[in-house]
Amino acid sequence: MSPLWRNTPAGNAPLESAEAFSQLYERSHLQVFRYIYGLLGGPRQEVEDLTAETFTRAWKARRRFEGSEQAALGWLLRIARNLVIDHSRRQNPLSLPEDFENLLVAPAGQQPEEQVLHREQSRVLWKMLHILPDRQREMLVLRYMLGWRVKDIGEFLQMPENTVSVNIRRILSRLRRDWPGE
Amino acid sequence: MDQRKSFAKPDEEAIETLLRAFQPRPGERFYARMAGAPWQGTAASAGATPRSGRIRLRRAGLAALALVIVLAIFFTLPPLQGTAYNFFQLFRRRDSDTLPLVLRTPSPPGPDFSLTIPEAEALAGFPVRQAENLPDGFVFNAAAYDPERQAVMLDYTSPLAGNFLRIVQIKMDESTLNVGSIGASAPVRLVAFQNAQGATITGEYVTGAWSLPSISTALEHSQPSLTVTMQASWDPQANIHMLLWQSEGILYEIIHADATAQQLHPDTLIRIAESMR
């Protein structure tokens, strides 16, 4: 099992000190932020607030965390997921974030026309991503926005690796099939 | 712009590329807020005594410095004036088993591992290959980019103390001569494998590392700001091994430290190399 989320004891409260927690924050805050952004869809300010709240809650609960330091990332994402679920119940339907283009990293070597196409398609995909069922969206966020391996996603979501792999292929296929404009 | 093209259905591979390009980052507002978080203060805020906090921080700093030194020697070594090298294809064999190093405290910042693969690719301008097959326990942490050497570094973390794994990918030009420095006595083993693109590759494999046994003593008694020149020695017994090869204009280097020494075998690194796509 991946060390990311197994609950192997690694001493008492390994995140108790400010130093240990600060290191965890430095290493993981981008992943937590992107995970929340991917699940919620924006806007940025709310994603930032939820990211901050994730770490604040984790800090308050740090003495109860007994896993290895690496397992803390899975723990943080579970806190984040619960916050997103609570938040989504109160949220209006998704609209594209005002600073949508700041989400994107342009692939290297694109011509201007390709960049425009990339942005157009990204807008379509972002909307499609956020009408997917929550679990399907979470798989894509973990796989592509956070760059996790299928094996690690399976362990985090407690699903067989092969199931995750098949599901991701199906979701991609469905996105392609349902792509608007043709 | 061709409107038909803009609304064309991307295939699944293109959708994957689009998904990978969603890489938002927090803004200044977030970082300003988090700068005041309770864990960002002194150790005293966590209930530890200031003295123990200082000791821990110093030790953490030393560990980080030692790692920087190891990594700097392997793939970010600046040109050393007055040193002689013999070339063994890709690895650079020095003419002795010692290496003079100028160390400073506080140490200069190491690679900033805060990038995703797409971000590193965008900065580097070449495709960055990610390993699918990793030694047990390792997970991808983040990437860093060194613009001076056009080098992308991928960092993988392990829960086991003393273990690390980094994969370096460098666009080959004159600057790539600054990688893979090894001691004069280090045996280089040629290994063959097939990469994920189907090409047969010949790589160079070395076990060992440069070590600085007196670094802790020297720096623990130092002033906050100090410059010292030290001799690193090539240690063939170090639990570190490396694999270096080139393909399509890119130089690849895998550096793996295994504190248990159980995985110090060429097959470990070959499996990683074969899975890079």
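Residues numbered from 1 in each chain as written. Chains lettered and ligands numbered in written order. Predicted model: local features only at pLDDT ≥ 70, side-chain atom pairs only at ≥ 80, totals over all residues. Heavy atoms only, no water.

Enquirer: Got a minute to help me understand the overall build of chain A in this structure?
Expert: Within chain A, the secondary structure is distributed over seven helices and zero strands. Ordered by position in the sequence, the α and β elements of chain A form the string α-α-α-α-α-α-α. Out of the 182 residues belonging to chain A, those deemed buried represent 55%. The contacts in chain A between residues at least 6 apart in sequence include a share of 70% that link residues at least 24 apart. (Helix = DSSP H or I, 4+ residues; strand = E, 2+ residues; numbered from the N terminus. Buried < 20%, exposed > 50% of the residue type's maximum accessible area, 1.4 Å probe, protein only. Contact = heavy atoms within 4.5 Å.)

Enquirer: I'm lost on the interface of chain B and chain A in this one. Help?
Expert: Size of an interface: often given as the accessible area lost when the parts come together. Each partner contributes residues to the interface: chain B has 54 residues there, and chain A has 66 residues. Of the roughly 5400 Å² buried between chain B and chain A, counting both surfaces, carbon and sulfur atoms make up 61%. The largest share of the area that chain B buries against chain A comes from Lys9, Phe22 and Trp39 of chain B, three residues that together contribute 16% of it. Joining chain B to chain A, the criterion identifies six salt bridges. Where Arg33 of chain B meets Asp49 of chain A, a salt bridge forms, and the shortest distance between an N and an O atom there is 2.8 Å. Taken together, the links from chain B to chain A amount to 14 residue pairs in polar contact (both at pLDDT 80 or more). Sorting the residues of the side of chain B that touches chain A by element identifies helix H1 (3–6), helix H2 (12–20), helix H3 (28–34), helix H4 (50–75), helix H5 (117–124) and strand E4 (139–146) of chain B as the ones contributing at least two each. Broken down by element, the residue count for the side of chain B that touches chain A peaks at seven residues, all from H2 of chain B. (Buried area = accessible area lost by both parts, 1.4 Å probe. Salt bridge = Lys/Arg side-chain N within 4 Å of Asp/Glu carboxyl O. Polar contact = N/O pair within 3.5 Å; in protein donor to acceptor, adjacent residues only side chain to side chain.)

Enquirer: Whenever I open this one, helix H4 (residues 112–129) of chain A confuses me. Can you help?
Expert: Residues and elements named next belong to chain A. Taking 1.5 Å per residue as the helical rise, H4 with its 18 residues ought to reach 26 Å, and the 25 Å between its terminal C-alpha atoms agrees with that figure. Burial in H4 covers these residues: Leu117, His118, Gln121, Ser122, Leu125, Trp126, Met128 and Leu129. Buried residues of H4, viewed axially, fall in a sector of 165°; they line one side. (Expected span 1.5 Å × (residues − 1). Arc of directions from axis to C-beta.)

Enquirer: Sorry if this is basic, but what is going on with the side chain of Gln169 of chain B here?
Expert: All names here are of chain B. Structurally, the position occupied by Gln169 is in strand E6 (residues 164–171). Among the polar contacts made by the side chain of Gln169, one reaches the main-chain carbonyl oxygen of Arg129 at a distance of 2.7 Å. Excluding residues within four positions of it along the chain, Gln169 makes contact with Phe126, Pro127, Val128, Arg129, Gln150, Ala151, Val152, Leu154, Ile250, Leu251, Tyr252 and Met276.

Treat this as a map of the structure, not an account of what it does.
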